[in-house]
Amino acid sequence: MKRNRTQSHAPSMYRRATADAFRKLNPRLLARNPVMFVVGAGSLLTTVAFLHDLVLHGWSARAAFGGQISLWLWATVLFANFAEALAEGRGKAQADTLRNARRDTPAFRLRDGGTTEEVSASALVPADLVVVEAGQVIPADGTVVEGAAAVDESAITGESAPVVRESGGDRSAVTGGTTVLSDRLVIRVTQEPGKSFLDRMIALVEGAERQKTPNEIALNILLAGLTIVFLLAVVTLKPFALFHGVNVGVVVLIALLVCLIPTTIGGLLAAIGIAGMDRLLRRNVLAMSGRAVEAAGDVDVLLLDKTGTITLGNRMAADFMPLPGVERAAMIRAALQASSGDETPEGRSIVDLARAQGGEATLPASPGEVQRIPFTAQTRMSGIDLPDEQLRKGATDAVLAWADSLGLPGIAERRAEAQRLADVIATDGGTPLVVASTKVGVLGVIHLKDVVKPGMRDRFERIRAMGIRTVMITGDNRLTAKAIAAEAGVDDYLAEAKPEDKLHLIVDMQKGGRLVAMSGDGTNDAPALAQSDVGLVMNTGTQAAREAGNMIDLDSDPTKLIEIVEIGKQLLITRGALTTFSVANDVAKYFAIIPAIFVASLPQLGALDVMGLTSPESAVLSAVIFNALIIVALIPLALRGVRYRPRSTAHALRTNLLVYGLGGLVAPFVGIKCIDLLITALGLV
Amino acid sequence: MTPRDYLQLALFLGILALASPPLGRYIHRVLEGGRTWLHPLLGPVERLIYAAAGVDPTRDHTWQRYAACVLGFTLAGFCLTFGVLMFQDVLPLNPQGFPAPSWDLALNTAVSFVTNTNWQAYGGEATMSHLSQMVALTYQNFVSAAVGIAVCMAVVRGVARAEAQGLGNFWTDLVRANLYVLLPLCVVGALALVSQGMVQTFAASFTALTPEGATQTIAVGPVASQVIIKMLGTNGGGFFNANGAHPFENPTAVSNFIQMLAIFLLPSALVFTLGTAVRRPRHAWTVWGVMAGVFLAGALLIAHFEYRGTPAMAQAVAAGSPATSVAAPGVTSPPAPASMPASTPSSVPNMEGKEVRFGIFSSALFATITTDASCGAVNAMHDSLTPIGGLVALVNMQLGEIIFGGVGSGLYGMVLFIILTVFLAGLMVGRTPDYLGKRIEGREVTWSVAALLLPAMPLLGFTALSAVGWGPEALANAGAHGFSELLYAYTSASQNNGSAFGGLTVNSPAFNLTTAAAMLIGRFGVMLPMLVVAGSLAARRPRPITDASFPVEGGTFALLLTSVIIIVGALTYLPALSLGPIVEHLQMLEGLLF
């Protein structure tokens, strides 16, 4: 069961964001955003002008106008701050929850003599060995060196079902703050004090370590550049007007400036970035940097492990294929007997299939008469020794060699036939498992099949629509790999892959200018994860893998890579859409403000007032109000992201251009006119 | 517009479209050191130049080195021109015995010619000695254009090359652009112009007897050879003060047509040089289409408003009095004899300031072309255009001289807008922006924005200062038209166009120094940042161009690029324009004149 990670509409979050919005008025914080800094400076200037007016001339229509403009300019800054604070708020709420898990727990450090001493968790250093018993909280990140236990990791993952952690292999990493439910673990500490996974996670979700991504930096430069361009256009307007004998007031000029500079995107840019990371977090993916999220949108190639990602992870028995002359029922019975003690998923699937096909087998009641032969990497077969018969199933060559050694008649033909069946199965993407007995010799071949997860074909179709290539990585032979690749619908495959092949493949692709994403969990994967542009590590993975990747999936679901790519793209599209909208907005604002400034002295310019606004003051005020409110109106979009649908690039571009480009051109004409009607009706101007 | 006008327009664009791709490929070939049929003839000359100058033609320049060469070469050219002008009274080839110009005029003129602007604060045939004309007009017309082609090629290489440090060799680019591109085209073009009766002689003048019996000294000279490079190099500085309106400098409709083609030919061909270098002809056609589209819109707008004329003229025609005497108390050019149809008094074509042998359309077309490309040659008085006609001319320049634009500078200016477009809208396909596989990041954006911002600074800044300072006393016209004249002067200088609106006395220290500064900032404020961008792009490893890449070809991109050009250009200058030609137009409709 999943815990609801964030209550996005909690009133407390709004309260906190509102308070933060004011706190962020601090000029030093504001200076990080050049656009909003200019608005802030402008607000200050208009406020001074307003107060000056008020003190010298008392309350007048002019003062009222100046006051209202100042108010709305301050509101513009506050709205932008609010958007950023709101985006940060979700992470902060999350961080609070995590902090509760970071209590200073007692740790039982193992001394040389085998005894333990109780120390504070914060006193642990790397390479310390600690003992954790059932019911205790694991005091620090580490690797299990002894024992196996069920661990409740809900404090980090939100997933209440316990997971197994055991020494050796790829399930050995444990995280400080999680609770051991059963058994006893000896853990070697791997973290420096104060730098635990939980600490890092808190810092990440809180945004304390948030750094601007390359694209965000570039966009900020562009926005700053546009701000300077408009500053130039507005500052020079004063002497231009003087040439015509018009003296334009500072309040109107600042209003024009604020309307022209890209406040919409400038105000929402930070929020968009934070919200992107937050969307990942809500899918239980922890991005180590904003750069990783951005890279996710850019990915050209997805490397996916076959097992566990594309297929269900275990081969399942799909068919029994007896040799000519062997009764089907006899073969099924032999297969069932040979697998009866086999607890591997494959073995169980053979039993299930045999039972489903009416197979029955009775084993001698007394356990002493039955000898189970487990699978080993050397023999590459398993089976059972009954009092009167030995049964084996396993890799084709291994079982055939075993059958040869029995010296039964007619072995050569059976051997050739079994080999033929095995080849057919392999060509089809399956794994052949030959069954033989001491009584009959080779009986037939079991067809084990990789089961592609349901819905994978559709997902790969979507990925292809985004223009991303998928490559399946598998240790299987080429024939098998090809068949599964075709069934799952991936673009390409790498067969008989060793861990270093993965690394070479990534390096090669990057040399061609491609960005590569992959998921992994084992220590084997660490170099490839570190080399890839987006390396998604399963939370169940080893410590080495977790260090190498730049995203961690707390649910340990490798297919999530696809969603991550979508979230990355959504983040970039949202940024682009709001930038386009913001720039397109300017056209209407010119048509509102320019005639308003000059209509008194150059009445002919009234012709540019295509919106037919009530008065010059209402025109300027309406533009400023629109400019402020549009930020608020777009906060939900910035936080939620533009709806992303996988489709062709050209199609996506056309649609987004129509909505945000043309929409951005038209919306302010309508908006400013409506606000003008409203403030006129309210008698504000 | 008449059917003949449409025919001329179609013919013009048709010939341009046919000639540009092969010429563009040819330019790419010669600048990259490929061999052509001209090599047996010019190859030894090229090698001789390298040997004499001590240039190693195989050396590849980084952007820093390339920029340093551009600056050094330009500075040397400036010193030469400035020196010749300052000492023209004591230097040879001064038969008329002209004195040296003032230092500020000499400075202004030298800057003007090395920046490919050809802003002329002096009267050509009445101020400059033959030596000055030869150094300023002839030499600089060639090399400033060749510098443009060279830098353009460096920027093209930046886009095309992958993981490279160098942008090519400035010296070979310069020499090859002159030898294999400008020189052969000039020879062919000059012969074509002479066939139309254009003057080409070493004689300085001859004396004629007028019908009234008076004697008149008529200046002549090597006109055709000067005119062709002034057009091909988008220089625009005329042999005669009247520029392309002078019968010897532009005798017939055909010579007018050839000159218009010559202005657009190289900027248009360079688009296909880019297309060839990046192996994407469709991208080149898309960019060309955008240029052609904005050009067409401008030409049709000017033509429409010039045909419609002004209400004052219509009233004057209806009243039977000569239109121009009512319409233009402040007009500086002599009123042209009007041959207007008197049938519809509500709309009388604006023939003021136009040559009868060209008529409305050829004048409107010329005005569009000369302001689109940063040429600045004129065959009609821009001051006498209708307000909207003047507006189009101003906007054409303010867009950054990228609608075909100056030789070389037009294309690298356009690359700047492509980068901005890709960056602004590229995110909307869900990837970080790239141009032909080259990622656009902080460095590219910083310098592109600088290239956008720098010419706007002197343009708006000096217009503003002059409007409240030295401007009004130099103006012949008051009100909005006077403002347009100031705006036009600084626009023309900052965007390196060089054409003059007129109506403004610009030979004063204040104007000479500020326009000189504007020309320098406008030239190098775009050129140097674009070299930085090119250097950065060249070093990048391109990502493969796939279906997921932001499409830089086809209709959507063309529309997008056009919108960015118009919106970014318009938004910066709209306040200024609304106080100039826009309000003037609106006032004109109310019958208010200046």
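Residues numbered from 1 in each chain as written. Chains lettered and ligands numbered in written order. Predicted model: local features only at pLDDT ≥ 70, side-chain atom pairs only at ≥ 80, totals over all residues. Heavy atoms only, no water.

Caption draft 1: Layout of the overall build of chain B. Secondary structure assignment for chain B yields 19 helices and 4 strands. Projected onto its principal axes, the C-alpha coordinates of chain B cover approximately 70 × 55 × 45 Å. Counting all 594 residues of chain B, 64% fall into the buried class. A sequence separation of at least 24 residues applies to 78% of the contacts in chain B between residues at least 6 apart. (Helix = DSSP H or I, 4+ residues; strand = E, 2+ residues; numbered from the N terminus. Buried < 20%, exposed > 50% of the residue type's maximum accessible area, 1.4 Å probe, protein only. Contact = heavy atoms within 4.5 Å.)

Caption draft 2: Seen up close, helix 13 (residues 396-404) of chain A. Of the positions making up helix 13 of chain A, those classed as buried are A:Thr396, A:Ala398, A:Val399, A:Leu400, A:Trp402 and A:Ala403. Those residues of helix 13 of chain A that are buried lie in contact with strand 14 (381-385), strand 15 (390-394), helix 14 (411-427), strand 16 (431-437) and strand 17 (441-452) of chain A.

Caption draft 3: Quick look at the side chain of B:Ser362. Residue and element names in this part refer to chain B. Counting through the fold element by element, Ser-362 comes out in helix 13 (residues 359-372). Separated by 3.1 Å, the side chains of Ser-362 and Gln-8 make a polar contact. Apart from residues no more than four positions distant in its own chain, Ser-362 is found in contact with Gln-8, Asn-256, Met-260 and Asn-379. (Polar contact = N/O pair within 3.5 Å; in protein donor to acceptor, adjacent residues only side chain to side chain.)

Caption draft 4: Broad picture of the interface of chain B and chain A. Listed per partner, the contact involves 59 residues of chain B and 57 residues of chain A. In total, about 5,000 Å² of surface goes out of reach between chain B and chain A, with carbon and sulfur atoms giving 77% of it. On the chain B side of the interface with chain A, the three residues burying the most area are B:Met428, B:Leu571 and B:Leu579, jointly 15% of the side's total. Taken together, chain B and chain A are joined by 3 salt bridges. (Buried area = accessible area lost by both parts, 1.4 Å probe. Salt bridge = Lys/Arg side-chain N within 4 Å of Asp/Glu carboxyl O.)

Caption draft 5: Up close: the nonpolar core. Counting residues in hydrophobic clusters, the biggest one holds 319 residues, and the most contacted among them are A:Leu302, A:Met551, A:Phe598, B:Phe295, B:Met414, B:Phe417 and B:Tyr435. At 20 residues, helix 20 (residues 560-598) of chain A tops the list of elements feeding residues into this core. Core analysis: the second largest hydrophobic core is formed by 36 residues, A:Ala335, A:Met381, A:Ile425 and A:Ala436 among them. (Core = buried A, V, L, I, M, F, W, Y, C linked by side-chain atoms within 4.5 Å.)

Caption draft 6: Inspection of the packing of aromatic side chains at higher detail. Enumeration according to the criterion identifies 22 aromatic pairs over all chains in this entry. Between A:Phe243 and B:Phe483, the ring centres sit 5.6 Å apart and the planes meet at 50°, which makes this aromatic pair tilted. One end of the pair, A:Phe243, is in helix 7 (residues 214-243); the other, B:Phe483, is in helix 17 (residues 479-494), on a second chain. In this structure A:Phe243 comes out as buried when scored by relative accessible area, which is 19%. (Phe/Tyr/Trp six-rings, centres within 6.5 Å; stacked < 30°, edge-to-face > 60°.)

Caption draft 7: Region of interest: the packing of helix 7 of chain A against helix 19 (residues 555-589) of chain B. Two elements in contact, helix 7 of chain A and helix 19 of chain B, have axes separated by 8 Å at closest approach and are oriented at 10°. Between helix 7 of chain A and helix 19 of chain B, the interaxial angle falls into the category roughly parallel. Along the contact surface, helix 7 of chain A presents A:Val229, A:Phe230, A:Ala233, A:Leu237, A:Phe240 and A:Ala241, while helix 19 of chain B presents B:Leu571, B:Thr572, B:Pro575, B:Ala576 and B:Leu579. Residue classes in the contact of helix 7 of chain A with helix 19 of chain B are distributed as 10 nonpolar, 1 polar and no charged. (Axes fitted to C-alpha atoms, helices over the stretch in contact; angles between N-to-C directions. Parallel < 35°, antiparallel > 145°, perpendicular 65-115°, else oblique. Nonpolar A, V, L, I, M, F, W, Y, C, P; charged D, E, K, R; others polar.)

Caption draft 8: A nonpolar patch on the surface, seen in detail. On the surface, A:Leu658, A:Val659, A:Leu662, A:Val666 and A:Val670 cluster together to form a nonpolar patch covering roughly 450 Å² of accessible area. If you trace the backbone, A:Val666 turns up in helix 22 (residues 649-681). (Patch = residues over 30% accessible without salt bridge, like charges linked within 9 Å, V, L, I, M, F, W, Y side chains within 5 Å. Areas by Shrake-Rupley, 256 points an atom, 1.4 Å probe, with all protein chains shown as cover.)

Caption draft 9: Inspection of helix 9 (residues 253-277) of chain B at higher detail. Residues and elements named next belong to chain B. Compared with an ideal rise of 1.5 Å per residue, which puts 25 residues at 36 Å, helix 9 spans 36 Å between its outermost C-alpha atoms and is within 8% of the ideal. Of all bends in helix 9, the biggest is about 35°, found at Leu-265, and the proline Pro-267 comes one to four residues later. Across the 25 residues of helix 9, 21 count as buried, placing the element largely inside the fold. For helix 9, the capping residue at the N-terminal end is Thr-252, with a side-chain oxygen 3.2 Å from the backbone nitrogen of Val-254. Once helix 9 finishes, Arg-279 follows within two positions and takes phi at roughly 55°, a positive value. (Expected span 1.5 Å × (residues − 1). Bend = angle between axes of the 7 residues up to and from the residue.)

Caption draft 10: Broad picture of the sheet that holds strand 7 (residues 173-174) of chain A. Residues and elements named next belong to chain A. Here 6 strands make up an open sheet; going across it, the order is 2-1-3-9-4-7 and the pairing antiparallel. Since the sheet does not close on itself, it has two edges, and those belong to strand 2 (116-120) and strand 7, each with one partner. Where strand 1 (residues 106-110) lies against strand 3 (residues 129-133), 2 bridges are found, and the strand directions are antiparallel. If you follow Phe-108 over to strand 3, its bridge partner there is Val-131. (Pairing = 2+ DSSP bridges.)

Caption draft 11: Spatial organisation of the sheet that holds strand 11 (residues 301-305) of chain A. Residues and elements named next belong to chain A. Read across the open sheet, the 7 strands follow the order 10-22-21-20-11-18-19; overall the sheet is mixed. Each edge of the open sheet is held by one strand with a lone partner, namely strand 10 (285-287) and strand 19 (492-494). Along the sheet, successive strands turn relative to each other by an average axial angle of 20°, direction set aside. Across 3 bridges, the pairing between strand 10 and strand 22 (residues 551-553) is antiparallel. Considered in strand 22, the bridge of Leu-286 is made with Ile-552. Contacts from helix 20 reach strand 10, strand 11, strand 20 (516-520), strand 21 (534-538) and strand 22 within the one sheet, and its direction differs from that of strand 11 by about 160°.

Caption draft 12: Quick look at unusual backbone geometry. Phi is positive for A:Asp183, close to 60°, though the residue is something other than glycine. Residue A:Asp183 is classed as partly exposed on the basis of its relative accessible area, which comes to 48%.

Caption draft 13: Quick look at the confidence of the model for chain A. The predicted model of chain A has a mean per-residue pLDDT of 86, with 96% of residues at 70 or higher. Segment residues 1-8 of chain A is flagged for pLDDT under 50; beyond a separation of four residues in sequence, or across chains, it makes 26 contacts in the model. (pLDDT = per-residue confidence, 0-100.)

Caption draft 14: The environment of B:Ile228, seen in detail. Residue and element names in this part refer to chain B. Residue position: Ile-228 is located in helix 8 (residues 223-232). Note on Ile-228: relative accessible area 4%, which makes it buried. Residues Ile-228 and Arg-161 lie 67 residues apart in sequence; the distance between their C-alpha atoms is 34 Å. Excluding anything up to four places from it in sequence, Ile-228 contacts Leu-185, Cys-186, Gly-189, Ala-190, Leu-193 and Ala-262.

Caption draft 15: Geometry of the confidence of the model for chain B. Residues and elements named next belong to chain B. Overall, the prediction assigns chain B a mean pLDDT of 89, with 95% of residues at 70 or greater. Note that residues 322-344 has pLDDT below 50 and, in this model, 33 contacts with residues that lie over four places away or in other chains. Two summary scores accompany this predicted model of the complex, namely pTM at 0.87 and ipTM at 0.90.

Caption draft 16: Layout of the pattern of salt bridges. Per the stated rule, a full pass over the model turns up 49 salt bridges over all chains. In this structure, the salt-bridge partner of A:Asp20 is A:Lys92, at a minimum N-O distance of 3.6 Å. Taken together, the residues A:Asp20 in helix 1 (residues 11-23) and A:Lys92 in helix 4 (residues 61-101) connect sequence positions 72 residues apart. Owing to a relative accessible area of 10%, A:Asp20 belongs among the buried residues under this scheme. Linking B:Glu355 and B:Arg357 is a salt bridge whose minimum nitrogen-to-oxygen distance equals 2.7 Å. Taking the relative accessible area as the measure of exposure, B:Arg357 reaches 28% and is therefore partly exposed.

Caption draft 17: Layout of the state of the cysteines. According to the stated counting rule, one finds 0 disulfides over all chains in the structure shown. Free of any disulfide, A:Cys674 has its nearest neighbouring cysteine sulfur in A:Cys259, separated by 16 Å. Under the relative-accessibility criterion, A:Cys674 is labelled partly exposed at 46%. In this model B:Cys152 remains outside any disulfide bridge; the closest cysteine sulfur is found in B:Cys375, 17 Å from its own. You can call B:Cys152 buried: its relative accessible area is 1%. (Disulfide = S-S within 2.5 Å.)

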